[in-house]
Amino acid sequence: MRMQARGDAELWQAGCTALEEDWRRLADEERRWIRARLARIGALQERLQALFAAADGAAHCRLCRGACCDRGKYHVTLANLLALLAAGQAPPPFDAAAPCPMLDGEACRLGAAQRPFNCVTFVCGPVEDALGAAGAAEFYSCEKALRAVYEDFARRYAGGGMNGFLLAAARLAGRSPLARQDVAPAGLRGLLPPARVGVSEEG
């Protein structure tokens, strides 16, 4: 278990370092595409957080001591890390000893707009009941719209899947998570070869 935790921490650090370099070299066209969808993700997630707060979600979480947060190891996605980089923030360190590496004590290191899809869309029974019929309907409508934006990243980028950045980094084995997988290489003028597609050739 300790070796797995150390391996995950090293993989996280290597993956984040490479992603930061890719972000700096990203073509303007790709940056615009990403920023537009990050804005949509942020707006939807802030609304989900507002609904959660209106249902006094924090009080319900205190009763179970945030048990669902113990399962966040693989939840952070490429889109979440790009939201940090787009805001000029470095990805947080991977604390392999924490129940979730994104936890800092009892609080999440990530703002609502930057949190993983699973973290902002999960509601337990008591919170769902507190939302009421209208609140629950809006919550799940926002969830559906949010999933569609995350799926845009999954279709476009090799590391954009919903399963999380850490799992994607292991699968890609050094290939850029921003490698485009939705366009034939012949149509990628001004971008790096397929191994680094989506990143501009000039620094």
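Residues numbered from 1 in each chain as written. Predicted model: local features only at pLDDT ≥ 70, side-chain atom pairs only at ≥ 80, totals over all residues. Heavy atoms only, no water.

Our focus in this paragraph is the confidence of the model for the protein chain. Of all residues in the protein chain, 85% have pLDDT values of 70 or greater, and the mean over the chain is 84. Long-range and interchain partners of residues 186-194, a stretch whose pLDDT sits below 50, account for 16 contacts in this model, where long-range means more than four residues apart. (pLDDT = per-residue confidence, 0-100. Contact = heavy atoms within 4.5 Å.)

Here helix α2 (residues 28-54) crosses helix α4 (residues 78-86) at 105°, and the two axes come no closer than 10 Å. One finds that α2 runs roughly perpendicular with respect to α4. In this structure, α2 contributes Ile-34, Arg-35, Leu-38 and Ile-41 to the contact, and α4 contributes Ala-79, Leu-82, Ala-83 and Ala-86. Taken together, the residues of the contact of α2 with α4 break down into seven nonpolar, no polar and one charged. (Axes fitted to C-alpha atoms, helices over the stretch in contact; angles between N-to-C directions. Helix = DSSP H or I, 4+ residues; strand = E, 2+ residues; numbered from the N terminus. Parallel < 35°, antiparallel > 145°, perpendicular 65-115°, else oblique. Nonpolar A, V, L, I, M, F, W, Y, C, P; charged D, E, K, R; others polar.)

Before going further, it helps to examine the state of the cysteines. One pass over the structure, following the stated rule, counts zero disulfides. The cysteine Cys-108 is free of any disulfide, with Cys-119 supplying the nearest cysteine sulfur at 6.5 Å. (Disulfide = S-S within 2.5 Å.)

Within helix α7 (residues 165-172) the residues assigned to the buried category are Phe-165, Leu-166, Ala-168, Ala-169 and Leu-172. Across the axial projection of α7, the buried residues extend over an arc of 160°, all falling on one side. Directly after α7, the chain includes Ala-173, whose backbone phi takes a positive value near 50°. (Buried < 20%, exposed > 50% of the residue type's maximum accessible area, 1.4 Å probe, protein only. Arc of directions from axis to C-beta.)

Time to look at the side chain of Thr-121. Its location among the elements puts Thr-121 in helix α5 (residues 117-121). Separated by 2.7 Å, the side chain of Thr-121 and the backbone oxygen of Phe-117 make a polar contact. With near-sequence residues (within four places) excluded, Thr-121 lies in contact with Leu-48, Phe-139, Glu-143 and Leu-146. (Polar contact = N/O pair within 3.5 Å; in protein donor to acceptor, adjacent residues only side chain to side chain.)

Right, let's talk about the pattern of salt bridges for a bit. When the charged atoms of two side chains with opposite charge come close together, those side chains can pair. All chains considered together, the criterion is met by nine salt bridges. A salt bridge links Arg-156 to Glu-30; the shortest N-O distance between them is 3.1 Å. Placement of the pair is Arg-156 in helix α6 (residues 125-156) and Glu-30 in helix α2, with a sequence separation of 126 residues. Judged by relative accessible area, which is 9%, Arg-156 ranks as buried. Residue Glu-30 is classed as buried on the basis of its relative accessible area, which comes to 1%. Salt bridges linked by common partners bring Glu-30, Arg-156, Arg-180 and Asp-182 together as one network. (Salt bridge = Lys/Arg side-chain N within 4 Å of Asp/Glu carboxyl O.)

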